[in-house]
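Each chain, written out:
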Amino acid sequence: MVNSWWEVQVLCDPALEDTVFWRFETFGGHGTASQRRTHFRQIQAYFPQDEFELLDLAALALRIKQDAICSQLAIPQTTWRLIDEEDWSKSWKDHWSPQEIGDRLIINPAWMDKPEGSDRLILQLDPGAAFGTGTHPTTQLCLESLEMRVDSDTPDVTVADIGCGSGILSIAALLLGAKHAYAVDLDALAVRATQENAALNGFTAPQIEVQQGSLDTLMKTLEKPVDGILCNILAEVIVDLIPQLSEIAHPQSWGILSGILLEQSKLVADTLEQHGWVVATLWRRKEWCCLNIRRS
Ligand SMILES: C[S@@+](CC[C@H](N)C(=O)[O-])C[C@H]1O[C@@H](n2cnc3c(N)ncnc32)[C@H](O)[C@@H]1O
């Protein structure tokens, strides 16, 4: 059980924002959020104290500094402090507000009143320690792609959500009209967050089934192939998963893959092609992209 967290805060040039998000994610940060300041960005993430030594944080700060130097940007200021569980949840909640995404969704922090008078689907979310507040470009790209794939005209859609984090993509799929979501994540905190968030939105098993694990878990437990595969992890991880992706797909299945930096998209697309998939569209936001794929 985690009792204390490192709150790591980076003040940097806006152009470094995506890189810092990516560094936080690869280091295992939770609840990453950013705010605009007049001439710079303030980005923070939280790291469980029992898993991170001061040396790890120093290494993270050094990497971020090197990233800035390589991009010829001002040297960022990285600071950290130890906070307890209660302060942690409050601290990052202070930085988060309702957010409209695409044409049909609004992500509403669970501790705030539901927005009134909106004709959007309201996705209630409390990510807790898991990734996926909807503020990251990759999550937004996945949600916008999902809107184009799932609606009330496609009522029997089933989706697999690999690396579900807070559960945001599975829940969005169900709100948009999908029939079943099968969510997996290696992180036990993400499994718990997904179950709790699903319940907040009125979804429980069997409509949503959440397990700790990855693609191999789904391969063992799914009774039928799914119509859609959602996977917002990192390119390196996605490339490793691709060879077995078709094990949970049928000939008409589609996929939405993100967490991929633009310069990594060719590697991912080539690997997809080698394994019977094609990239139908590539959506881009900042340095990130999202591949909408189908079987070839
Ligand atoms: C970038 S977050 C995405 C969360 C959410 N789906 C979203 O779109 O915002 C990636 C998640 O993938 C999980 N993850 C990383 N590698 C994984 C793997 N090989 N299999 C399953 N989950 C993985 C992480 O624990 C993390 O929760």
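Sequence order as written defines residue numbering, which begins from 1 separately in each chain. Two thresholds apply to this predicted model, a pLDDT of at least 70 for residue-level local features and 80 or more for giving and counting side-chain atom pairs, whereas whole-chain, interface and lining totals are computed over all residues. Side-chain metrics rest on all non-hydrogen atoms present in the structure, leaving aside hydrogens and water.

A few points about helix α6 (residues 188-200)
Residues spaced three or four apart along an α-helix face the same direction, because each turn holds 3.6 residues. We count it as follows: Runs of E in the DSSP output that reach at least two residues are strands. Runs of H or I that reach at least four are helices, and both are numbered from the N terminus. What a helix should span is 1.5 Å times the count of its residues minus one. Only protein chains enter the accessibility calculation, which uses a 1.4 Å probe; a residue is then buried when its area is under 20% of its type maximum, exposed when over 50%, and partly exposed in between. By construction, the arc corresponds to the directions joining the helix axis to the C-beta atoms. Note on contacts: a residue pair qualifies if any of its non-hydrogen atoms lie within 4.5 Å across the two residues. As used in this structure description, the phrase polar contact means that two N or O atoms lie within 3.5 Å; if the pair is within protein, one of them must be able to donate a hydrogen and the other to accept it, and residues adjacent in sequence are counted only when both atoms belong to side chains.
Spanning 13 residues, α6 covers 19 Å between terminal C-alpha atoms, matching the ideal 18 Å at 1.5 Å per step. Every buried residue of α6 is accounted for by Ala190, Val191, Ala193, Thr194, Asn197 and Ala198. The buried residues of α6 occupy an angular sector of 165° when projected down its axis, which confines them to one face. Contact partners of the buried residues in α6: β7 (121-125), α5 (168-176), β9 (180-185) and β10 (208-212). Structurally, the start of α6 carries an N-cap: the backbone nitrogen of Leu189 is 2.9 Å from a side-chain oxygen of Asp187.

Re the domain arrangement of the protein
What counts here: Residue ranges for the domains trace back to a domain assignment, done automatically or taken from a database.
As far as domains go, the protein holds domain 1 (4-93) and domain 2 (99-295). Inter-centroid distance (C-alpha atoms) of domain 1 to domain 2 is 25 Å.

Concerning the UniProt feature "binding site: S-adenosyl-L-methionine" (unreviewed entry) in the protein
Test applied: UniProt positions are given in the numbering used here, feature names are shortened, and annotations may be inferred rather than shown by experiment.
When the UniProt feature table is mapped to this numbering, "binding site: S-adenosyl-L-methionine" (unreviewed entry) covers Thr139, Gly163, Asp185 and Asn232. Turning to its location among the elements, Gly163 is positioned in the loop between β8 (158-162) and α5. If we ignore the near neighbours within four places in the chain, the residues touching Gly163 are Val184, Asp185, Asn232 and Ile233. Position of Asn232 relative to the elements: it lies in strand β11 (residues 226-232). Among the residues examined, Asn232 registers a relative accessible area of 16% and is labelled buried. Not counting residues up to four positions away in its chain, the partners in contact with Asn232 are Thr138, Thr139, Cys142, Ile162, Gly163, Leu169, Ser258 and Gly259. Among the polar contacts made by the side chain of Asn232, one reaches the side chain of Thr138 at a distance of 3.1 Å.

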